[in-house]
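Overview (structure and organization)
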Amino acid sequence: MPGLVHVVDDDASFRTAIERRLKLAGYDVATYASSQDLLDRLPRGELPSCILLDVQMPGLTGPDLQTRLHELGSTVPIVFLTGHADTATTVRTIKAGAEDFLTKPVSSAQLIEAIERALSQQQIAREQRSRLDSRRALVALLTPRERQVFDLIVRGKINKQIAYELGTTERTVKAHRHQVMEKMQVSSLAELVSTAQLLGMLDPESGSHG
């Protein structure tokens, strides 16, 4: 999987060596001498990419940069690579969403495996966001009444109950239900409920309306 690796490390000789290794493996590489250097040239994340990040650096540390990038809404995955590993930092960075935490020196095979995993996760996340956006666009096509029917269907209400709650007839509810299924591009109640869960309309624990 081709991709761009952003290497953030204050050790110039390490940056040179790791850039060479990654380019030999087929990656494009951008290097940064500090966290601020990367922030000044913030990766947009439109291309397959990841950040290979040191922990201890002058100014903003690696974990501090991770926090800052999260605040800025960056979706570029991070792999930490450091000579100063400790349990607390490892736990903190992984909990904050880092894809991996490697200790120098690292073999090329281990490094490439971590980068490939990060790029794969980025692609999965991108596809999930695209799917979510497309579902939201479909919901926007529903009329206010169809949206009410949608909400009640996925809460487990049958047509008779929906008709009573909305003060209309079962026949009208059936017509709205058909329109909801058609506009949401689903063919079953299960698909409709899954869509509602994806959109955060249902509590995954209780199945109730959120």
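Structure: above.
Residues numbered from 1 in each chain as written. Predicted model: local features only at pLDDT ≥ 70, side-chain atom pairs only at ≥ 80, totals over all residues. Heavy atoms only, no water.

Comments concerning the side chain of Arg15
As a reminder, the rule being used: Per the convention used, a helix needs a DSSP run of H or I reaching at least four residues, while a strand needs a run of E reaching at least two, with both numbered from the N terminus. Exposure categories follow from relative accessible area, calculated using a 1.4 Å probe and restricted to protein chains: below 20% of the type maximum is buried, above 50% is exposed, and the middle band is partly exposed. The positive count covers Lys and Arg only, the negative count covers Asp and Glu only, and His and the chain ends enter neither. Should a side-chain nitrogen of Lys or Arg be within 4 Å of a carboxyl oxygen of Asp or Glu, the pair is scored as a salt bridge. Contact criterion: two residues are considered in contact whenever any of their non-hydrogen atoms come within 4.5 Å of each other.
With respect to the element layout, Arg15 can be found in helix H1 (residues 12–24). Of the side chains with opposite charge, Asp9 comes closest to the buried, unpaired Arg15, at an N-O distance of 5.6 Å. Those residues in contact with Arg15, other than ones at most four positions away along the chain, are Asp9, Asp10, Thr31, Tyr32 and Ala33.

Points about the packing of aromatic side chains
In plain terms, the rule: Note on aromatic contacts: the rings of Phe and Tyr and the six-membered ring of Trp form a pair at centre separations within 6.5 Å, being stacked when their planes are under 30 degrees apart, edge-to-face when over 60 apart, and tilted otherwise. Placement of a charge over a ring requires the Lys NZ or Arg CZ to be within 6 Å of the ring centre, with the centre-to-atom vector within 35 degrees of the ring normal.
All told, the structure shown has 1 aromatic pair when counted by the stated rule. Summarising the aromatic geometry, the rings of Phe80 and Phe101 are spaced 5.7 Å apart at their centres and angled 25° between planes, so their arrangement reads as stacked. Of this pair, Phe80 sits in strand E4 (residues 78–82) while Phe101 sits in strand E5 (residues 100–103), and the two are 21 residues apart along the sequence. For Phe80, a relative accessible area of 0% translates into the label buried. For Phe101, a relative accessible area of 12% puts it in the buried group. Above the ring of Phe14, the side-chain terminus of Lys104 is found at 3.9 Å from the ring centroid.

Describing the pairing of E5
As a reminder of what qualifies: Strand pairing is assigned whenever DSSP detects at least two bridges linking the two strands. The path from the first strand over the helix to the second decides the hand: if it runs clockwise while the strands point away from the viewer, the crossover is right-handed.
Here E4 runs beside E5; their pairing, made up of 4 bridges, is parallel. Residue Thr82 lies in a different strand from E5, and its bridge partner there is Thr103. In this region the chain leaves E4, passes through helix H4 (residues 87–95) and returns to the parallel neighbour E5; the handedness of that crossover is right-handed.

A word on the sheet that holds strand E3 (residues 49–53)
Short version of the rule: Orientation is described by axes fitted as lines to C-alpha atoms, over the contacting stretch for helices, and by angles from 0 to 180 degrees between their N-to-C directions.
Read across the sheet, 5 strands follow the order E2-E1-E3-E4-E5 without closing on themselves; strand pairing throughout is parallel. Pairing within the sheet leaves two strands with one partner each, and these edge strands are strand E2 (28–32) and E5. Across the sheet, the mean angle from the axis of one strand to that of its neighbour is 20°, orientation sign disregarded. Sheet topology note: the E3/E4 ladder contains 3 bridges and is parallel.

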